[in-house]
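Single-letter residue listing:
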Amino acid sequence: MRVLLLGANGQVGTELRRSLAPLGELIVATRNGQLSDGTACEVADFDQPDSLHGLVERIAPDIVVNAAAYTAVDRAEQDVDAAFRANAESPAALAQACAKYDALLVHYSTDYVFDGCGTRPYREDDATSPLGVYGASKLAGEDAIRGSGARYMIFRTAWVYAAHGKNFLLTMLRLAKERDELRVVGDQVGTPTSAALIADVTAEILQQPFLESGTWNLTATGQTSWHGFAQAIVDEAVERGLIERVPKLTSITTADYPTPATRPAYSVLDTSQLQRDFGVGLLDWREGLQRTVQN
């Protein structure tokens, strides 16, 4: 297979470079045409959607894996056009190109397409109702892909972290070394999901025969709050000797930590459809954390 990976420097993209390599010829692209180690690669600038059609035409991939996105949730509230260019217009352009050249498009979306008012894990066919610009832009991208005529696989994920990049895990590890007390939101519930899990499951699925286009939830299993996630991070860091002292962890409410963008209060995703359709196993979020910290 010839696979074109977009967003190769991101949290998920970095892990996909590892997991997709055994599938065949892997061509990677980033916004500036350089990988994080300085190696040159293809350019895929999601701030310029019109440039993406030519890239797909020139590379002629069997599969396009789109791990690029505008993910600055709070900044998106003021930067609406940029969020929609990257999360809606660019996926639309990719999907149109994939339809024309018969490439399968793999695309990642988010729990933010839901309003977080649910009381059970969200299924793929539950009504969407994003609370802010980021979620609305991601939902628009989903809709554009579905209406493009391309073969596609959309994977919705949530609470993504990795041992690299900028994320909650690395922020907590840094703050745990610097502060005596950490105040963390305790009334938002979701499933911390490692980028490695997303990448590994994607690769496993792509090794199976393509059956039909669709949307699937792809997260780890289980659930916790941000405060619970922070506690698990600190516990794991202490056990592995990454921090010398244990800070006090205080649970606060969302109202205590106001942000420009409203977060879903409940964003657990039901992954049973993914497990049934592809026969893949998903790690509990705690095991995913242990593996990430270990590496």
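Residues numbered from 1 in each chain as written. Predicted model: local features only at pLDDT ≥ 70, side-chain atom pairs only at ≥ 80, totals over all residues. Heavy atoms only, no water.

Participant: With reference to specific residues and values, describe the packing of helix 2 (residues 52-59) against helix 3 (residues 80-101).
Facilitator: Running from N to C, helix 2 and helix 3 point in directions that differ by 30°, and their axes come no closer than 8 Å. Crossing of helix 2 over helix 3 shows right-handed handedness. Side by side, helix 2 and helix 3 meet where Leu52, His53, Val56 and Glu57 of the first sit next to Ser90, Leu94, Ala97, Lys100 and Tyr101 of the second. Considering only residue class, the contact of helix 2 with helix 3 consists of five nonpolar, two polar and two charged. (Axes fitted to C-alpha atoms, helices over the stretch in contact; angles between N-to-C directions. Helix = DSSP H or I, 4+ residues; strand = E, 2+ residues; numbered from the N terminus. Left-handed = near helix turned anticlockwise from the far one by under 90°. Contact = heavy atoms within 4.5 Å. Nonpolar A, V, L, I, M, F, W, Y, C, P; charged D, E, K, R; others polar.)

Participant: Quick one: what's the story with unusual backbone geometry, residue by residue and with numbers?
Facilitator: Its identity is not glycine, yet alanine 60 carries a phi of approximately 50°, on the positive side. Tracing the chain through its elements places alanine 60 in the loop between helix 2 and strand 4 (63-66). A positive phi angle is found at aspartate 102, which is not glycine, with a value near 55°. Classification of aspartate 102 as exposed rests on a relative accessible area of 52%. (Buried < 20%, exposed > 50% of the residue type's maximum accessible area, 1.4 Å probe, protein only.)

Participant: So what's going on with the pattern of salt bridges? Residues and values would help.
Facilitator: Oppositely charged side chains can pair when the atoms bearing their charge come close. Tallied over the entire structure, the rule returns 18 salt bridges. With a closest N to O distance of 3.0 Å, arginine 18 and glutamate 15 form a salt bridge. Here arginine 18 and its partner glutamate 15 are both found in helix 1 (residues 11-20), three residues apart, which amounts to about one turn of the helix. With relative accessibility at 15%, the residue glutamate 15 sits in the buried group. Residue aspartate 45 pairs with arginine 31 through a salt bridge whose shortest N-O separation is 3.2 Å. Linking aspartate 45 in the loop between strand 3 (42-43) and helix 2 with arginine 31 in the loop between strand 2 (25-30) and strand 3, this pair joins segments that are 14 residues apart in sequence. With a relative accessible area of 56%, arginine 31 lands in the exposed category. (Salt bridge = Lys/Arg side-chain N within 4 Å of Asp/Glu carboxyl O.)

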